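Per-entry structural report
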Amino acid sequence: MTTALVIEDNEDNMVLITRLLNNAGYQTREAMTGQAGLEIAITEQPDFILLDIQLPDIEGTEVLSRLRAT
């Protein structure tokens, strides 16, 4: 099954996105912060990532840069 990692700090958005993906047949993993998202992305290697740009700890652009560096 295809796995999506959703990195989103807004709880309402997280629920909406994960429900849509689950209903479309995707398995989802969730992270509410950039650091948590990085850890999940590195250890679990999801098929794709939906990344919020404005996160409370690390900007989404920085998360993307760190992921590309790995």
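The paragraphs below set out a description of the structure included in this document. Predicted model only: the values in this text are computed from it and were never measured.

Below, the discussion takes up the pattern of salt bridges. All told, the structure shown has two salt bridges when counted by the stated rule. Residue Glu 62 is joined to Arg 66 by a salt bridge in which the shortest nitrogen-to-oxygen separation is 3.0 Å. Highlighted residues: Glu 62 and Arg 66, both in helix α3 (residues 60-69), separated by four residues, approximately one helical turn. Under the relative-accessibility criterion, Arg 66 is labelled partly exposed at 37%.

Moving on, we get to the packing of aromatic side chains. What the rule picks out here adds up to one aromatic pair. An angle of 85° between the planes, with centres 5.4 Å apart, marks the rings of Tyr 26 and Phe 48 as edge-to-face. Separated by 22 residues along the polypeptide, Tyr 26 in the loop between α1 (11-23) and β2 (27-31) and Phe 48 in strand β3 (residues 48-51) bring together distant segments of the chain. The exposure class assigned to Phe 48 is partly exposed, which follows from its relative accessible area of 28%.

Along strand β1 (residues 3-7), five of the five residues are buried, which leaves the element largely enclosed by surrounding structure. In β1, alternate side chains face the same way, and those of Thr 3, Leu 5 and Ile 7 on one face and Ala 4 and Val 6 on the other are all buried. In this structure, β1 lies alongside β2, joined through five bridges in parallel fashion. For Ile 7, the partnering residue across the bridge sits in β2 and is Ala 31. The handedness of the β1 to β2 crossover, carried by α1, is right-handed. Pairing geometry for β1 and β3, over four bridges, is parallel. If you follow Ala 4 over to β3, its bridge partner there is Phe 48.

Thresholds applied
Residues numbered from 1 in each chain as written. Predicted model: local features only at pLDDT ≥ 70, side-chain atom pairs only at ≥ 80, totals over all residues. Heavy atoms only, no water. Salt bridge = Lys/Arg side-chain N within 4 Å of Asp/Glu carboxyl O. Helix = DSSP H or I, 4+ residues; strand = E, 2+ residues; numbered from the N terminus. Buried < 20%, exposed > 50% of the residue type's maximum accessible area, 1.4 Å probe, protein only. Phe/Tyr/Trp six-rings, centres within 6.5 Å; stacked < 30°, edge-to-face > 60°. Pairing = 2+ DSSP bridges. Right-handed = clockwise from strand over helix to strand, strands pointing away.

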